[in-house]
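What follows is each chain in one-letter form.
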Amino acid sequence: MDSANLGNNLKKKPSSPRSLLGTIMTVLSGLCLAVTVIPLFAVLGFVFVQGVGRLNANLFTKLPPPPGLGGGGIANAILGTIIVVALATAIAVPIGVLAAVYLSEFSGDNKLAQGVRFATNVLAGVPSIIVGVFAYGLLVAPLFGEGTALLGFSALAGSIGLAVLMLPTIIRTTDEALKIVPQDIRWAAMGLGAYNYQTVLKIVLPAAVPAILTGVTLAIARAAGETASLIFTALFSNFWPRGVFEPIATLSVLVFNFATAPFAPQQQLAWAGALILVLLVLVTNILSRLATRQKTY
């Protein structure tokens, strides 16, 4: 049998059951893709249409106006979000990375490491409002129901609550990033006389930095959009940030407060704040995608 006849015999007939099944499954896959993507673009488009008209210089430079009055901006909430997320990142990243280094490089996958991984997976599924209530009871509420609180409503209390939410993402991504680094690199370093900690610090961690940065940016994106935890810890303020031990405005809480206000100017600011928050999350996710393009080893 020549090659031409062989090719004709291998071709599927359009009316064959296998071809029809393949076409049906392709169409179903396309419909599922559309069902997944359409809500995303619908939400983004609706927020953009509602909020883009309020974008101006005042929005990024002025404080919110009194209830019922127009003008003003949300500069304090933007600055507050940056402060709270930056503090949370400074708290969560060292703890999360060091915990992942122990799990991947020093634990030997013992029972303690298995327990920590299980606890990390459980913590990743805990609702943010539960973390907020925990942070409120530990840091904001008066100790033992009387006396003074440990921190009270403050930017630092909000940052600690967000750091708890960030830890599972950082630990899991860093742990997986360290596992991806080939074992041969570790053996080569030890063969040259390097200690275990030197191998991890100078060889393994630098090789895994792109993947670690991906986990950090994803954790930052989640923290920037959290609301429930901040309501119980950072509260809100209509003024400029006055320190990490004072209540502070954040974009997510501002959107929650102003969206439910009965005044149109505040509702417009809520839409603008939602748009800025979406853009911040979008930028962080784009940065994480760019980080994954870097070769891990």
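Residues numbered from 1 in each chain as written. Predicted model: local features only at pLDDT ≥ 70, side-chain atom pairs only at ≥ 80, totals over all residues. Heavy atoms only, no water.

Draft legend 1. Local environment of unusual backbone geometry. Positive phi, normally seen in glycine, also occurs at Leu 235, with a value near 60 degrees. With respect to the secondary-structure elements, Leu 235 resides in the loop between helix 10 (228-233) and helix 11 (251-259). Exposure remark for Leu 235: the relative accessible area of 36% places this residue in the partly exposed category. (Helix = DSSP H or I, 4+ residues; strand = E, 2+ residues; numbered from the N terminus. Buried < 20%, exposed > 50% of the residue type's maximum accessible area, 1.4 Å probe, protein only.)

Draft legend 2. Summary view of the environment of Ala 177. The topology assignment puts Ala 177 in helix 7 (residues 155-180). Sequence spacing of Ala 177 and Ala 100 is 77 residues, and the spatial spacing of their C-alpha atoms is 9.4 Å. Once residues within four sequence positions are removed from consideration, Ala 177 is found in contact with Ala 208, Ala 211 and Ile 212. (Contact = heavy atoms within 4.5 Å.)

Draft legend 3. How the structure looks around the UniProt feature "transmembrane region" (unreviewed entry) in the chain. Under the local residue numbering, the UniProt record ascribes the feature "transmembrane region" (unreviewed entry) to residues 20-53, 73-101, 122-144, 150-171 and 269-287. For residues 20-53, the end-to-end C-alpha separation is 49 Å, with 94% helix and 0% strand making up the annotated structure. Along residues 73-101, the helical share is 93% and the strand share 0%, with 43 Å between the first and last C-alpha atoms. (UniProt positions renumbered as here; feature names shortened; annotations may be inferred.)

Draft legend 4. Local environment of the packing of helix 4 (residues 75-106) against helix 9 (residues 196-225). Two elements in contact, helix 4 and helix 9, have axes separated by 9 Å at closest approach and are oriented at 135 degrees. Comparing the axis directions of helix 4 and helix 9 gives the class oblique. As helix 4 packs across helix 9, the resulting crossing turns out to be right-handed. Contacts between helix 4 and helix 9 involve Val 85, Thr 89, Val 93, Val 97, Val 101, Glu 105 and Phe 106 from the former and Asn 196, Tyr 197, Val 200, Val 204, Leu 205, Ile 212, Val 216, Ile 220, Ala 223 and Ala 224 from the latter. Class assignment of the residues belonging to the contact of helix 4 with helix 9 gives a composition of 14 nonpolar, two polar and one charged. (Axes fitted to C-alpha atoms, helices over the stretch in contact; angles between N-to-C directions. Parallel < 35°, antiparallel > 145°, perpendicular 65-115°, else oblique. Left-handed = near helix turned anticlockwise from the far one by under 90°. Nonpolar A, V, L, I, M, F, W, Y, C, P; charged D, E, K, R; others polar.)

Draft legend 5. The pattern of salt bridges, seen in detail. Enumeration according to the criterion identifies four salt bridges in this entry. Among the salt bridges present, the one from Arg 117 reaches Asp 175, with a minimum N-O distance of 2.9 Å. With Arg 117 in helix 5 (residues 111-124) and Asp 175 in helix 7, this residue pair connects regions lying 58 residues apart in the sequence. Each of the two residues, Arg 117 as well as Asp 175, counts as buried. Residue Arg 222 pairs with Glu 226 through a salt bridge whose shortest N-O separation is 3.1 Å. (Salt bridge = Lys/Arg side-chain N within 4 Å of Asp/Glu carboxyl O.)

Draft legend 6. Highlighting the packing of aromatic side chains. In total, this model carries five aromatic pairs according to the counting rule given. With centroids separated by 5.3 Å and ring planes inclined at 80 degrees, the aromatic side chains of Phe 46 and Trp 271 adopt a geometry described as edge-to-face. One end of the pair, Phe 46, is in helix 2 (residues 17-51); the other, Trp 271, is in helix 12 (residues 264-292), with 225 residues separating them in the sequence. Between Phe 236 and Phe 258, the ring centres sit 6.3 Å apart and the planes meet at 70 degrees, which makes this aromatic pair edge-to-face. Taken together, the positions of Phe 236 in the loop between helix 10 and helix 11 and Phe 258 in helix 11 put the pair 22 residues apart, joining distant regions of the chain. Of the two residues, Phe 236 and Phe 258, neither departs from the other in class, the shared state being buried. Following the ring pairs from residue to residue traces out a cluster consisting of Tyr 136, Phe 153 and Phe 232. (Phe/Tyr/Trp six-rings, centres within 6.5 Å; stacked < 30°, edge-to-face > 60°.)

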